[in-house]
Amino acid sequence: MSVVVRFAPSPTGFLHIGGARTALFNWLFAMHCKGKFLLRIEDTDRERSTDAAIKAIFESLKWLELNWNEEPVFQFARASCHAEVAHNLVKEGKAYYCYCSPDELEKMRKDALEKGLPPRYNGLWRDRPVSEAPKGIPPVIRFKAPTKGKTVINDITQGIVELSNSQLDDMVLLRADGTPTYMLSVVVDDHDMNITHIIRGDDHLTNAFRQYHLYKACGWDVPQFAHIPLIHGPDGAKLSKRHGALGAEQYRAMGFLPDAMKNYLLRLGWAHGNDEIISIEQAIEWFDISSVGRSPARFDMAKLTNLNAHYMRISSNERLLKEIKPLLKEKVKDDVLLENGLKQILQGMDGLKIRAKTLVELAENSFFYIKKPNFDAKNGLLSKPISSSKVEGAYEAQNRSVLDIHEGHLRESQISPKPHEDSSIEATNKFAEEIELRKIKSIENHVKNGEQSIQNLKNFLQLVESLSSFQNIESEIRAYCKNAGMKVGDFLYPVRIAIVGCSASPNLFEIMGIIGKIETMDRVQNYKNFLELI
RNA sequence: GUUCCCAUCGUCUAGCGGUCUAGGACAUCGCCCUUUCAAGGCGGCAACACGGGUUCAAUUCCCGUUGGGAACGCCA
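So, how was this worked out
Residue positions are counted from 1 within each chain, in the order its sequence is given. Chain letters and ligand numbers both follow the written order, the letters beginning at A and the numbers at 1. Residues qualify for local features only when their pLDDT is at least 70, as the model is predicted, and side-chain atom pairs are given and counted only at 80 or more; totals for whole chains, interfaces and linings, by contrast, use all residues. For the side-chain quantities, the full set of heavy atoms in the structure was used; hydrogens and water were omitted. Salt bridge, as used here, is a side-chain nitrogen of Lys or Arg placed within 4 Å of a carboxyl oxygen of Asp or Glu. Under the scheme applied here, a residue whose accessible area is under 20% of the maximum for its type counts as buried, over 50% as exposed, and between as partly exposed, the area being computed with a 1.4 Å probe on protein chains only. In DSSP terms, a helix is any run of H or I states spanning at least four residues, a strand is any run of E spanning at least two, and both are numbered starting from the N terminus. By definition here, a helix of n residues has an expected span of 1.5 Å times n minus one. At every residue, the bend is computed as the angle between two fitted axes, covering the seven residues ending there and the seven beginning there respectively. Residues enter a nonpolar core if they are buried and are Ala, Val, Leu, Ile, Met, Phe, Trp, Tyr or Cys, with the set joined through side-chain atoms within 4.5 Å. A molecule or strand has a residue near it when one of that residue's heavy atoms lies within 4 Å. Nitrogen and oxygen atoms within 3.5 Å of one another constitute a polar contact, given that in protein one can donate a hydrogen and the other can accept it, and given that sequence-neighbouring residues count only through two side-chain atoms. Whether two strands pair depends on DSSP finding at least two bridges between them. Under this scheme, a helix contributes an axis fitted over its contacting stretch, all axes are lines through C-alpha atoms, and angles between N-to-C directions fall in the 0 to 180 degree range.

Draft legend 1. Representation of the pattern of salt bridges within the structure. Throughout the structure, instances matching the rule amount to 26 salt bridges. Between Glu276 and Arg267 there is a salt bridge, with its nearest N and O atoms 3.2 Å apart. You can call Glu276 partly exposed: its relative accessible area is 35%. The partner of Glu276 in a salt bridge is Lys303, and the shortest N-O contact between them spans 3.5 Å.

Here it is, written out as C-alpha cells:
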C-alpha cells in the first residue's frame, strides 16, 4: 500500500514555525516513501477561519517548496458528509443525543475538579431515554466511548502508548447547530482521503485515543500515527509570539532562505549522525519519522541565522541578486540608478555575501553600490541615532533596516544585532544600549581624528590624481604607506567611510575597482568637504 | 486536580550495556590570517537532573523523586 500523508492546518492564523516543521516532516516522509502529500484546510471553525490565513498558508508552503499533490481539501465543504456519519452512528447505537446546556457542563467540570477528578462530561444522557429530553433544546450528538479496558496505540515516534478507557469521555460529534466537530471531521476526512500515516504535533496524542474508537465504530482501518513533539521557545515554555512563533512569511521577510529554514527545522528533533548541513535530496533519502526524538526542542534563532549565512554563501550570485532586488527597489525610485547599482552589486557579490547573514542584511550592505553616502553637514553625523526604546525585541531588531533609520547617513559598523540565545526584553535593551555606546564612541573618534582624516583624504586624492593607471591603486597605496611609515589600515580608514559610508565593508580595492576612479574621487571629495565643515 | 509524554554541554543533538577521561554543530572565549568587517584555520570553556535497583559492567535497562511539557471544549 502506498503512503498517503496530509498536512491539515486550521486557517486561523499564519503558518507558524511548528506548523512548518510538521508540514516538512510530512512532506519528507511522503517523498522518502514515494507517496503522496496532501493538503487539507480545517476551516470548520467559521468564526476564526479567514481567507487571508488560507492564502498565507499556501504562500508559506510554496515559499518552503513543500508542494502538495492534488487539490487542497476544504473541510467545511464536506460538513454534510461528516454529519451523515454522526447520524448513522446514532442509528447504530454507537452515539446518542445529549441535551446538556453549556451551564450544566461547566458545573459538571467544576464539580469534577473539586473532587479531584478530570474535568470531563459524565455521560449524563448516555443511557437516558429520549422521552426525558427537555423541549425546545437542540441536542448535540455524543460518541459512546468505551468505559472499560484500555486503548493501546503503537505510535511510530512515541512508541507504544496506553491509556485506560476510563480516561475517555463521550466527545461531541455533532454540535447543536448540526455542524460537525473537529474530532468527527478529521476522522472522516482522513478515511475518505485514504490517509495511511497521520504525522502531527504531540498535542494531538490524547486525541488519537478518542479517534481510534471512532475509526473502529465506523468499521474503518486506523491509520498509523506519528506524534512529533512541539517546538518550544528559548525559555522552554510554549512558543509564543515574543520569541519565534512568527509566521513563515515573517522569516522570509527577515531575509531567510527556504533552504536554511528547512535544514534548521529538520535538525530540530531529528539527526543523522553528526551531519549538520543536509541538502534536501539527502534529507529525503535519510529521513524517517521513527527516529524523530520524543523530547521537545527549543527554537534557536542563532542557529537558524548561522545556517542561513551558510546557505547564502553557497548560493549563486545571480540568485542572491534576484532575492535582494525587490528590497533595494523599495528604497530606490530611480530605475537607471538601480540597474547600474545592481550590475555593480553582482560584480561585488562574492565579497558581499560572505559578510551577510540574511538577505535583508545583504541588501543593506550592498546599498553603497547604488547610492553615495550622504554626508549632511547641517544635520551632522548620525543625527538620528537608534533609540533603545525602538528596539523592543531581538526579532524586531533583526528586522530593523538600517536604511530605514538613517538612509545615507554614516553607519558605524554594520549594525546587525546578533540574535541572542536570551531574547528577553532585558537582554535586548542591554544590547540596544551597547549599540548606542558604540555609535557615540565612533563619533568621538571622528572628532578626535578629524585632522588626521582630512590629511589622509587629501593625500589619497593627490595620489590617485597622480596615478597613470587606476588599476595599480593597490600597489601604489601600499608603496605610499610603506614610505610614509603608515599602516595601510589607518590610512584607508577615512577612505572607507567616504566610499561606503561605514567603517566595515568588503575589500576596498575591489570596491574602488568596481565603482571606478571618478566615483571614488567624488566620494572621497565629498567626505573631505564634510569633515572640513564640522 | 487527573492522564499522557519528556530529561546528555547555554541551545540542537550523537550515543542504542563495556569503544565515554561522552563526539559534532550553534553560541561563547582566545590565537592565527588581515586595509575594516566578515569568512576561513587552530585551540579553550562547557553536559549524562537526583536516588534506588538489575548486571561482572550503566549515559545506555527497570522503579521512584524532582523538574519541564501536553491533553482534559458544542477550538482545531
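There's plenty left to go through after this.
Draft legend 2. How the structure looks around helix H20 (residues 508-533). With 26 residues, H20 extends just 25 Å between its outermost C-alpha atoms, more than 12% less than the 38 Å of an ideal straight helix rising 1.5 Å per residue. Considering bend angle alone, the principal kink of H20 is centred on Gly516 and spans about 110°.

Draft legend 3. A look at the environment of Ile514. Position of Ile514 among the secondary structure elements: in helix H20. Separated by 169 residues in the primary sequence, Ile514 and Ile345 place their C-alpha atoms 8.8 Å from one another.

Draft legend 4. Geometry of the nonpolar core. Core analysis: the biggest nonpolar cluster contains 102 residues, and Tyr251 and Ile345 have the highest contact counts within it. In terms of residue count, the dominant contributor to this core is H20 (11 residues). Counting residues in hydrophobic clusters, the runner-up holds 33 residues, among them Val90, Ala95, Met193 and Leu205.

Draft legend 5. Quick look at the protein's contact with RNA strand B. Taken together, 70 residues lie near RNA strand B, and Arg175, Gly269, Arg355, Ser505 and Asn507 sit nearest. Considering the 4 Å shell around the protein, atoms of RNA strand B inside it are sugar or phosphate in 70% of instances. Between RNA strand B and the protein, one listed contact pairs a phosphate oxygen with a side-chain N or O atom of Thr44 at 3.1 Å. One of the backbone nitrogen or oxygen atoms of Cys100 is found 3.0 Å away from a base nitrogen of RNA strand B.

Draft legend 6. Inspection of the sheet that holds strand E4 (residues 95-98) at higher detail. Here 3 strands make up an open sheet; going across it, the order is E4-E5-E8 and the pairing antiparallel. Each edge of the sheet is formed by a strand with only one pairing partner; in this case those strands are E4 and strand E8 (172-174). Put simply, the sheet's adjacent strands are angled 45° from each other on average, direction ignored. Strand direction decides the pairing type here: strand E5 (residues 140-143) and E8, joined by 2 bridges, are antiparallel. Considered in E8, the bridge of Arg142 is made with Val172.

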